[in-house]
Number of protein chains: 2
Amino acid sequence: MHTLRERKKQRTRDALLRAAVELFTSQGYDRTTVDEIADAVDVSQRTFFRYFAGKDEAALGLVEMTVARFVEAVRARPPQEAPLEALRRAVVDGWYSVNEVVESVVPVELYLRMYRVIEETPVLLAAHLRRSAEAEEDLARVIAEREGLDVDADPRPRLAVAVFSGVMRAAERQWSTGEDVGPEGIRLLTARCLDGLGPALLGDWREPGTGRGVRGPAQA
Amino acid sequence: MHTLRERKKQRTRDALLRAAVELFTSQGYDRTTVDEIADAVDVSQRTFFRYFAGKDEAALGLVEMTVARFVEAVRARPPQEAPLEALRRAVVDGWYSVNEVVESVVPVELYLRMYRVIEETPVLLAAHLRRSAEAEEDLARVIAEREGLDVDADPRPRLAVAVFSGVMRAAERQWSTGEDVGPEGIRLLTARCLDGLGPALLGDWREPGTGRGVRGPAQA
DNA sequence: TTGTCAATTGTCAGCGGCTGTCACTAGCCT
DNA sequence: AGGCTAGTGACAGCCGCTGACAATTGACAA
């Protein structure tokens, strides 16, 4: 990152990302052409595709950064923590560092709005879900290693991650469809969603004492 | 479905679907153009797009049918069954009727191979995951209604469905990457995956008695 | 039957995403 | 300074997809 060339490249990439996000959030994804983005940065369309494999990558770039950050955060948690606790703490504590990274490219507010665009643009949502599935796989491997398990032999790591991701996705949607909450609101929202996890899984759904929790059907 | 026109339409659609699946499974999704598919059925390219919103819809058509079938099957389960049991029985019992529907368009073997193509073609996998997410939402509503709950107020329906879907997806992948198993093999595989659900969630991961299951972290 | 209406299809033109190619420019290194 | 290479622009072209209009074909009543 020290040679002039490398700095220049980084600047063009950031500029493209910024221009893309600004256009996407202001006019929508479909109504924005790659040419527009390239022109805004004063670069040829061909160059855009040298930085991003597709139009969608420019749209998912920001989220991508935060996801990668999160996986790293989990990897860094002390190994004596139980799996779900490590995941939970990583997401709750990690928000600040995420803020930093995002802010180095665009104001955080744009990040929020970009998230909404992703959620309401079918092709972007699809790409996002695919990428999330990959991240889940990574997380499962991290968890398995922490617990000294074989990820292909024991289903529990993947299962735990699946449960966790389900909750996170629920929080995401709640937050992206609700009214505009600041970054701090997100932390609270996710924390609250995660707190509901245990009771939801273990409690009986109708009345106590009938033995109808997750246990029943699974053993049937 | 009784007028000549309607029958003709159905036949063209089936023919397009069949041709698409055959081409996709034999030469790959990317290396197959829409023109090829249309030519194989002796129809104009424009007509193809009157039946399918996009090239991907022709690829996901088969799976789409089975997913819809499955959601219906869950809806039809007796309401006294616990949620996860209803889901489980729907998938295990429902396989035969799925077979029927698929076989009316292409041999089941092609269904299996098409599934592999989807799994290894990024854009198709993405679209598939998105559609699956929608199905999950539907299922959550069905479950909520069975239990007399409000999906938006109570997180447990979505959570249960998320867990279940996680297991199903694990089974899907195991089956699509493994060696060629027949339709009966799939039933066994999914059943086995689902049987592991209860112990995996409730058991302790290292040794019994330390109180470190899903319960611990969720309450932290 | 036959004529009329509506549904389905083919043709054509065109946009936008994306890629290969090649010449050219600009940073790098000795 | 001058050769080398990474990065860029310009151009051509494929493919997915859409709108518009004309031609065809089945539906249905007179």
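What counts and how
- Residues numbered from 1 in each chain as written.
- Chains lettered and ligands numbered in written order.
- Predicted model: local features only at pLDDT ≥ 70, side-chain atom pairs only at ≥ 80, totals over all residues.
- Heavy atoms only, no water.
- Helix = DSSP H or I, 4+ residues; strand = E, 2+ residues; numbered from the N terminus.
- Buried < 20%, exposed > 50% of the residue type's maximum accessible area, 1.4 Å probe, protein only.
- Contact = heavy atoms within 4.5 Å.
- Areas by Shrake-Rupley, 256 points an atom, 1.4 Å probe, with all protein chains shown as cover.
- Polar contact = N/O pair within 3.5 Å; in protein donor to acceptor, adjacent residues only side chain to side chain.
- UniProt positions renumbered as here; feature names shortened; annotations may be inferred.
- Domains from an automatic or database assignment.
- Buried area = accessible area lost by both parts, 1.4 Å probe.
- Salt bridge = Lys/Arg side-chain N within 4 Å of Asp/Glu carboxyl O.
- Nonpolar A, V, L, I, M, F, W, Y, C, P; charged D, E, K, R; others polar.
- Near = heavy atom within 4 Å.
- Phe/Tyr/Trp six-rings, centres within 6.5 Å; stacked < 30°, edge-to-face > 60°.
- Lys NZ or Arg CZ within 6 Å of the ring centre and 35° of its normal.
- Axes fitted to C-alpha atoms, helices over the stretch in contact; angles between N-to-C directions.
- Parallel < 35°, antiparallel > 145°, perpendicular 65-115°, else oblique.

A. Just the overall build of chain A, in detail. Looking only at helices and strands, chain A features 12 helices and zero strands. Along its sequence from the N terminus, chain A presents helices and strands in the succession α-α-α-α-α-α-α-α-α-α-α-α. When the 220 residues of chain A are sorted by exposure, 50% land in the buried category. Long-range pairs, those at least 24 residues apart, make up 61% of the contacts in chain A between residues at least 6 apart in sequence. About 11000 Å² of surface is accessible on chain A, with carbon and sulfur atoms providing 51% of the total.

B. Seen up close, the side chain of threonine 25 of chain A. Residue and element names in this part refer to chain A. Counting through the fold element by element, threonine 25 comes out in helix α1 (residues 4-27). Threonine 25 gets classed as buried once you look at its relative accessible area, which sits at 15%. At 3.1 Å, the side chain of threonine 25 forms a polar contact with the backbone oxygen of glutamate 22. Threonine 25 has contacts with Leu110, Arg113, Met114 and Val117, leaving out every residue within four places of it along the chain.

C. Local environment of the UniProt feature "DNA-binding region" (unreviewed entry) in chain A. Sites flagged by UniProt as "DNA-binding region" (unreviewed entry) map to residues 33-52 of chain A. This span, residues 33-52 of chain A, is 75% helix and 0% strand, and a straight line between its end C-alpha atoms measures 14 Å.

D. Seen up close, the environment of tyrosine 115 of chain B. All names here are of chain B. When you line up the elements, tyrosine 115 lands in helix α7 (residues 108-120). Once the C-alpha coordinates of tyrosine 115 and serine 132 are considered, the two residues, 17 residues apart in sequence, prove to be 14 Å apart. Excluding residues that lie within four positions of it along the chain, tyrosine 115 makes contacts with Val63, His128, Glu172, Trp175 and Ser176.

E. Main features of the domain arrangement of chain A. All names here are of chain A. Split by domain assignment, chain A resolves into domain 1 (1-54) and domain 2 (60-202). Listed as interface residues are nine residues of domain 1 and, on the opposing side, 11 residues of domain 2. For the pair domain 1 and domain 2, the summed buried area comes to about 940 Å², and 78% of that belongs to carbon and sulfur atoms. Joining domain 1 to domain 2, the criterion identifies zero salt bridges. Between the two partners, domain 1 and domain 2, sit one residue pair in polar contact (both at pLDDT 80 or more). Of the residues that constitute the side of domain 1 that touches domain 2, the class distribution is four nonpolar, one polar and four charged.

F. Local environment of the UniProt feature "domain: HTH tetR-type" (unreviewed entry) in chain A. Listed under "domain: HTH tetR-type" (unreviewed entry) in the UniProt record, and renumbered for this structure, are residues 10-70 of chain A. Across residues 10-70 of chain A one finds 80% helix and 0% strand; the C-alpha atoms that close the span lie 22 Å apart.

G. Spatial organisation of the environment of serine 176 of chain B. Residue and element names in this part refer to chain B. Among the secondary structure elements, serine 176 is positioned in helix α9 (residues 156-177). Expressed as a C-alpha distance, the spacing of serine 176 and isoleucine 186, which sit 10 residues apart in the sequence, is 9.8 Å. Ignoring any residue separated from it by four or fewer positions in sequence, one finds serine 176 in contact with Tyr115, Arg116 and Glu119.

H. Quick look at the protein's contact with DNA strand C. Thr3, Leu4 and Lys55 of chain A together with Thr47 and Arg50 of chain B are the nearest of the 22 residues found near DNA strand C. The sugar-phosphate backbone supplies 54% of the atoms of DNA strand C found within 4 Å of the protein. With respect to DNA strand C, the backbone of valine 34 of chain A contributes an N or O atom lying 3.2 Å from a phosphate oxygen. One of the side-chain N or O atoms of tyrosine 51 of chain B is found 2.9 Å from a phosphate oxygen in DNA strand C.

I. Examining the protein's contact with DNA strand D more closely. Surveying the vicinity of DNA strand D reveals 22 residues, the closest of which are Lys9, Thr47 and Arg50 of chain A together with Leu4 and Lys55 of chain B. Here the atoms of DNA strand D within 4 Å of the protein split so that 55% fall in sugar or phosphate, with bases taking the remainder. The side chain of arginine 5 of chain B places a nitrogen or oxygen atom 3.0 Å from a base nitrogen of DNA strand D. With respect to DNA strand D, the backbone of threonine 32 of chain B contributes an N or O atom lying 3.5 Å from a phosphate oxygen. Counting residues per element, the ones that place at least two in the surface near DNA strand D are α1 and α3 (45-51) of chain A together with α1 (4-27) and α3 (45-51) of chain B. Classifying every residue of the surface near DNA strand D gives six nonpolar, seven polar and nine charged.

J. View of the pattern of salt bridges. All names here are of chain B. Applying the stated criterion across every chain, the model contains 31 salt bridges over all chains. Between glutamate 64 and arginine 131 there is a salt bridge whose closest N-O contact spans 2.5 Å. On the criterion of sequence distance, the pair formed by glutamate 64 in helix α4 (residues 55-75) and arginine 131 in helix α8 (residues 122-147) is long-range, its members being 67 residues apart. Given the relative accessible area of 29%, glutamate 64 is considered partly exposed. Two residues, arginine 131 and glutamate 134, come together in a salt bridge whose shortest N-O distance is 3.1 Å. Of the two residues, arginine 131 and glutamate 134 both sit in helix α8, three residues apart, roughly one turn of that helix.

K. Fine view of the packing of aromatic side chains. Residue and element names in this part refer to chain A. Under the defined criterion, the tally for this structure stands at 14 aromatic pairs over all chains. Taken together, the ring pairs in this structure connect Trp95, Tyr111, Tyr115 and Trp175 into an aromatic cluster. Sitting over the ring of tyrosine 29, lysine 55 keeps its end group 4.4 Å from the ring centre.

L. Examining the packing of α7 of chain B against α8 of chain B more closely. Residue and element names in this part refer to chain B. Their axes nearest at 5 Å, the elements α7 and α8 cross at an angle of 100°. Comparing their axes, α8 and α7 come out roughly perpendicular. The residues of α8 that touch α7, namely those facing Met114, Tyr115, Val117, Ile118, Glu119 and Glu120, are Pro122, Leu124, Leu125 and His128. In terms of residue class, the contact of α7 with α8 is built from seven nonpolar, one polar and two charged.

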